[in-house]
Number of protein chains: 2
Amino acid sequence: MTIYRYARQAEILGASIYDHSPGAILLSSGLAYPPLLPDVAHEAAGAARRPHQALQYGPLMGIADLREAICQFVAADGVACTPDNVLITYGAKDALDLACRVFIEPGDRIIVTRPTYMTALQIMRAHGAAFVSVGQDEDGLDTDELEAQLKRLEANGERAPKLLFDVPDFHNPTGITTSKARRMRLVELARAHGFIILEDDPYRRVRFHGEAVAPVKSFDRDGVVVALGTVSKILAPGLRVGWAIGDREVVARMAMHKANGGTSPFAQRIVADLMRSDKLAEHISQLSAAMRLHRDVMVEALAAHCPQAAVRTPQGGYFLWLTLPEDMDAERVASLALEHGVEVSSGRLCFPNQAPANHLRLAYSFAGPEDIRRGIAGLGKACDEYRARP
Amino acid sequence: MTIYRYARQAEILGASIYDHSPGAILLSSGLAYPPLLPDVAHEAAGAARRPHQALQYGPLMGIADLREAICQFVAADGVACTPDNVLITYGAKDALDLACRVFIEPGDRIIVTRPTYMTALQIMRAHGAAFVSVGQDEDGLDTDELEAQLKRLEANGERAPKLLFDVPDFHNPTGITTSKARRMRLVELARAHGFIILEDDPYRRVRFHGEAVAPVKSFDRDGVVVALGTVSKILAPGLRVGWAIGDREVVARMAMHKANGGTSPFAQRIVADLMRSDKLAEHISQLSAAMRLHRDVMVEALAAHCPQAAVRTPQGGYFLWLTLPEDMDAERVASLALEHGVEVSSGRLCFPNQAPANHLRLAYSFAGPEDIRRGIAGLGKACDEYRARP
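## Digging into the sheet that holds strand β11 (residues 310-312) of chain A
All names here are of chain A.
Right, so step 1: Judged by pairing direction, the sheet is antiparallel, and its four strands sit side by side in the order β11-β12-β15-β14 without closing on themselves. A single partner strand is all that each edge strand has here, and the edge strands are β11 and β14 (345-346).
Right, so step 2: Strand direction decides the pairing type here: β14 and strand β15 (residues 359-363), joined by two bridges, are antiparallel. Bridging from a neighbouring strand, Ser-345 pairs with Arg-361 of β15.
Right, so step 3: Seen against the sheet, helix α10 (residues 279-305) touches β11, β12 (319-323) and β15 and runs at an angle of roughly 20° to β12.

Below you can see the structure in the form of structure tokens.
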């Protein structure tokens with residue numbers, strides 16, 4: 001068969017426990033922590049008792065109950081919206097894909113941080129997007145650099161970017177949280193330069209300490225921000241329920257591109273009932289405590305076994321970003337680590353174009369504390385071996 | 001907001017009870033019959049008891065149990081495949097969309113019958129497809145006309161079609177079942193001219209009488225057929241579980257384009273358990289009896305109230321195709337019918353290009369026998385009114 005549209009590499013678009021190295025300790029992707037997967041038996045039985053809603057075709061935008069529950073959920077963050085602004089999707093990835101279907105033609109530019117979420121890059125690439133990459137510091141995306149790049153594009157008469165994609169809370173992969181000032185500046189730049197901000201925010205509620213910063217969406221008065229959310233990182237990825245919150249005309253357009261018959265009303269019914277009960281809040285609280293412990297164990301183990309790596313300790317989320325000495329090749333380290341029974345991700349896939357070779361992304365979400373300790377010890381051995389035979 | 005990629009009409013991609021005229025009797029789309037929506041409480045509880053599979057990220061291709069169950073399900077039709085050939089999707093529409101993502105670039109040609117499934121046209125159009133439309137007779141797609149068109153394209157040096165989309169069993173909208181000879185001819189033509197056949201087969205098991213014809217896929221020795229299936233028409237649309245069966249490299253490519261994190265393993269677990277039990281077969285038997293009654297009631301009511309319409313009585317499926325006298329405009333009839341409390345679909349949306357104005361598509365799946373009688377009486381009044389004030 002030689003008639004494929006893309007001769008792409010066999011990169012996968014979805015992280016899955018099944019797609020990883022069998023037997024290895026998985027520190028490579030943001031899977032849910034198995035001991036804390038929720039008990040949804042009650043809500044699933046409730047959905048089964050409402051077949052006329054849960055088993056019939058559902059509304060393309062999503063069921064009203066869930067859209068209302070999501071409005072309440074984000075109201076706590078200062079985001080004001082009505083169900084008309086909310087589209088239910090198969091997770092945040094599906095929402096990103098729909099935004100690309102609406103906005104992106106091949107060759108259109110999307111602004112991203114370097115590095116950024118690797119799967120988001122794959123999804124955007126599948127739509128033929130080109131990237132404008134902007135650096136980050138401890139306050140998040142460097143808005144001065146962004147403005148300079150926008151002006152340069154304008155001065156050169158080049159195509160203006162249509163979208164900006166960012167993860168402002170506990171950024172994937174760097175863990176950085178964008179400051180309030182930068183968030184406000186992003187909204188100003190979007191208005192001035194006519195691009196839409198896609199604010200991907202799966203980790204926001206998984207905060208260990210420090211003060212939450214209001215979402216970018218909360219500063220949006222003109223419908224220039226589409227906020228992407230999901231229950232994958234706060235409840236269960238297997239339900240495949242996420243959402244987009246934006247200008248009502250924008251989300252209605254995104255809904256029209258849903259070629260999958262709308263998001264499963266059965267799954268939506270389960271999530272709506274979980275959000276309406278206290279179970280979600282309790283689950284997030286338990287999960288955050290566990291993730292904090294995982295992070296602490298990983299940071300401590302890294303200090304002991306990988307002293308050559310610079311580590312940024314995030315205030316929440318699922319990931320750690322490691323910077324190895326500049327002469328180290330992270331992909332070789334990762335493949336040596338696999339020989340020691342631990343799977344980690346090279347940071348290379350997180351860069352839209354020229355990628356430095358010396359970064360690793362580690363996830364502490366899936367493995368328990370004991371496996372994290374063993375895994376990092378294995379990574380330490382891999383680094384030592386690398387040094388012994390460079 | 002004026003930066004949308006498409007200035008498309010507000011056509012919906014998914015049929016949904018919520019998107020229809022409130023209060024009207026719905027004879028317009030293939031929704032499930034509410035009294036026969038299945039009781040999935042047992043299977044949903046079973047999925048909830050297996051959180052490590054059902055609530056975690058699932059494999060991109062789908063869970064092994066369901067892929068095996070589908071191999072067994074289609075083996076009964078003479079289709080030989082292994083789980084490697086099976087990709088689980090969010091219904092057959094999602095599978096069609098993924099096939100377009102793999103094969104179609106803007107301007108590429110897809111062969112379809114005229115008329116064909118309206119939502120399929122929308123999905124293919126969203127990928128920028130152009131259409132080669134071929135007529136049907138009582139044996140299905142006219143393969144002689146297809147061959148002549150293929151030769152003409154070749155002679156003119158025009159781009160050869162990449163895909164053929166058809167619904168060979170109880171065709172949507174015409175109800176025609178393609179003969180065995182035509183199915184075999186289609187496979188020959190696909191081999192000779194290098195296109196892939198997408199065999200969309202949601203209604204196959206909903207047969208009222210007559211002999212089943214083996215699927216197009218069963219005649220495929222070279223991986224030129226991708227069979228699309230779904231539980232939407234034999235179980236419950238709200239679960240959003242469908243599949244594509246094809247060459248293993250083709251379905252693996254389709255999987256790579258799944259931008260939604262894979263199909264929900266929770267829903268897959270429910271469907272796998274239903275397929276493994278006797279419940280699915282029992283449900284199909286009950287459903288087929290009900291659909292047969294609905295069809296009979298509708299055909300009888302049409303003879304009484306709409307004698308001017310020519311009706312083809314299908315041997316199965318969900319739809320009736322009406323041909324009104326050539327001087328009648330079906331869209332005006334449909335809007336008059338709505339005033340009489342019944343929603344029907346103009347056949348216009350089922351044609352890829354030049355559409356005759358005098359067809360209606362009626363679905364007998366959702367409304368019960370009494371509503372079907374009342375609905376067709378309303379349609380009869382609409383036709384009479386049309387004649388009274390043309």
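Following the structure, the description resumes.
## Notes on helix α1 (residues 41-48) of chain A
Right, so step 1: Taken together, the buried positions of α1 of chain A are occupied by Glu-43, Ala-44, Gly-46, Ala-47 and Ala-48 of chain A.
Right, so step 2: Close packing links the buried residues of α1 of chain A with α2 (51-54), α9 (265-276) and α10 of chain A together with α1 (41-48) and α9 (265-276) of chain B.

## Comments concerning the sheet that holds strand β7 (residues 163-166) of chain B
Residue and element names in this part refer to chain B.
Right, so step 1: Taken in spatial order, the seven strands of this open sheet run β2-β10-β9-β8-β7-β3-β4, and their pairing is mixed. Because the sheet does not close on itself, it has two edges, and the strands there are β2 (86-89) and β4 (130-134). Sheet twist, expressed as the mean angle between neighbouring strand axes with direction ignored, is 20°.
Right, so step 2: Strand contacts of helix α5 (residues 118-126): β3 (109-113), β4 and β7, with the helix running at about 145° to β4, the strand carrying the most contacts.

## Remarks on the packing of helix α6 (residues 143-155) of chain B against helix α7 (residues 180-193) of chain B
Residues and elements named next belong to chain B.
Right, so step 1: The interhelical angle for the contact between α6 and α7, taken along N-to-C directions, is 10°, at an axis separation of 10 Å. Looking at the two axes, α6 sits roughly parallel to α7. In this structure, α6 uses Thr-143, Leu-146, Glu-147, Leu-150 and Glu-154 to contact α7, whose residues at the interface are Arg-182, Arg-185, Leu-186, Leu-189 and His-193.
Right, so step 2: Of the residues in the contact of α6 with α7, the class split is four nonpolar, two polar and four charged.

## What about the pattern of salt bridges?
All names here are of chain B.
Right, so step 1: Counted by the stated rule, this structure contains 58 salt bridges over all chains.
Right, so step 2: Residues Asp-97 and Arg-101 are paired through a salt bridge, measuring 3.4 Å at the closest nitrogen-oxygen approach. With a gap of four residues between them, Asp-97 and Arg-101 both fall in helix α4 (residues 91-103), about one helical turn apart.
Right, so step 3: Judged by relative accessible area, Asp-97 falls into the buried class, the value being 2%.
Right, so step 4: Its relative accessible area of 9% is what places Arg-101 among the buried residues.

## What about unusual backbone geometry?
Right, so step 1: Each neighbour pair has its own omega, and for Asn-172 of chain A with Pro-173 of chain A the value is 15°, a cis peptide bond.
Right, so step 2: Mapped onto the secondary structure, Pro-173 of chain A falls in the loop between β7 (163-166) and α7 (180-193).
Right, so step 3: A positive phi angle, near 55°, is found at Arg-240 of chain B, a position not held by glycine.
Right, so step 4: Summarising the element assignment, Arg-240 of chain B is placed in the loop between β9 (225-230) and β10 (242-245).
Right, so step 5: Its relative accessible area of 2% is what places Arg-240 of chain B among the buried residues.

## Considerations on the nonpolar core
Right, so step 1: The biggest cluster of nonpolar side chains holds 224 residues, and the ones touching the most others in it are Met-124, Phe-266 and Leu-379 of chain A together with Met-124, Phe-266 and Leu-379 of chain B.
Right, so step 2: In this structure Phe-266 of chain B touches Val-40, Ala-44, Gly-238, Leu-239, Phe-266 and Ile-270 of chain A together with Ala-44, Ala-47, Ala-48, Ala-54 and Leu-55 of chain B, once residues within four positions along its chain are discounted.

## Notes on the pairing of strand β8 (residues 196-200) of chain B
All names here are of chain B.
Right, so step 1: Among the five residues in β8, five count as buried, and that is most of the element.
Right, so step 2: Across the two faces of β8 the burial is the same, with Ile-196, Leu-198 and Asp-200 and Ile-197 and Glu-199 all buried.
Right, so step 3: With four bridges connecting them, β7 and β8 associate as parallel partners. Residue Asp-166 lies in a different strand from β8, and its bridge partner there is Glu-199.

## Some words on the pairing of β10 of chain B
Residue and element names in this part refer to chain B.
Right, so step 1: Side chains Gly-242 and Ala-244 of β10 all project onto a buried face; the interleaved residues Trp-243 and Ile-245 project onto the opposite face, where all are buried too.
Right, so step 2: Direction of pairing for β2 relative to β10: antiparallel, over a ladder of four bridges. Each bridged residue has a counterpart across the sheet, and for Ile-88 the counterpart in β10 is Trp-243.
Right, so step 3: Bridging between β9 and β10 involves four bridges; their strand directions are antiparallel. In the strand pairing of β10, Leu-228 is matched with Ala-244.

## A few points about the packing of aromatic side chains
All names here are of chain A.
Right, so step 1: A complete count under the given rule lists 13 aromatic pairs over all chains for this structure.
Right, so step 2: An angle of 50° between the planes, with centres 5.4 Å apart, marks the rings of Tyr-203 and Tyr-318 as tilted. Taken together, the positions of Tyr-203 in the loop between β8 (196-200) and β9 (225-230) and Tyr-318 in the loop between β11 and β12 put the pair 115 residues apart, joining distant regions of the chain. Like Tyr-203, the residue Tyr-318 is buried in the burial classification.
Right, so step 3: A connected cluster of aromatic rings, assembled from ring pairs, spans Tyr-203, Tyr-318 and Phe-319.
Right, so step 4: Against the face of Phe-73 rests Arg-205, its NZ or CZ located 3.8 Å from the ring centre.

Rules used in this analysis
Residues numbered from 1 in each chain as written. Chains lettered and ligands numbered in written order. Predicted model: local features only at pLDDT ≥ 70, side-chain atom pairs only at ≥ 80, totals over all residues. Heavy atoms only, no water. Pairing = 2+ DSSP bridges. Helix = DSSP H or I, 4+ residues; strand = E, 2+ residues; numbered from the N terminus. Contact = heavy atoms within 4.5 Å. Axes fitted to C-alpha atoms, helices over the stretch in contact; angles between N-to-C directions. Buried < 20%, exposed > 50% of the residue type's maximum accessible area, 1.4 Å probe, protein only. Parallel < 35°, antiparallel > 145°, perpendicular 65-115°, else oblique. Nonpolar A, V, L, I, M, F, W, Y, C, P; charged D, E, K, R; others polar. Salt bridge = Lys/Arg side-chain N within 4 Å of Asp/Glu carboxyl O. Core = buried A, V, L, I, M, F, W, Y, C linked by side-chain atoms within 4.5 Å. Phe/Tyr/Trp six-rings, centres within 6.5 Å; stacked < 30°, edge-to-face > 60°. Lys NZ or Arg CZ within 6 Å of the ring centre and 35° of its normal.

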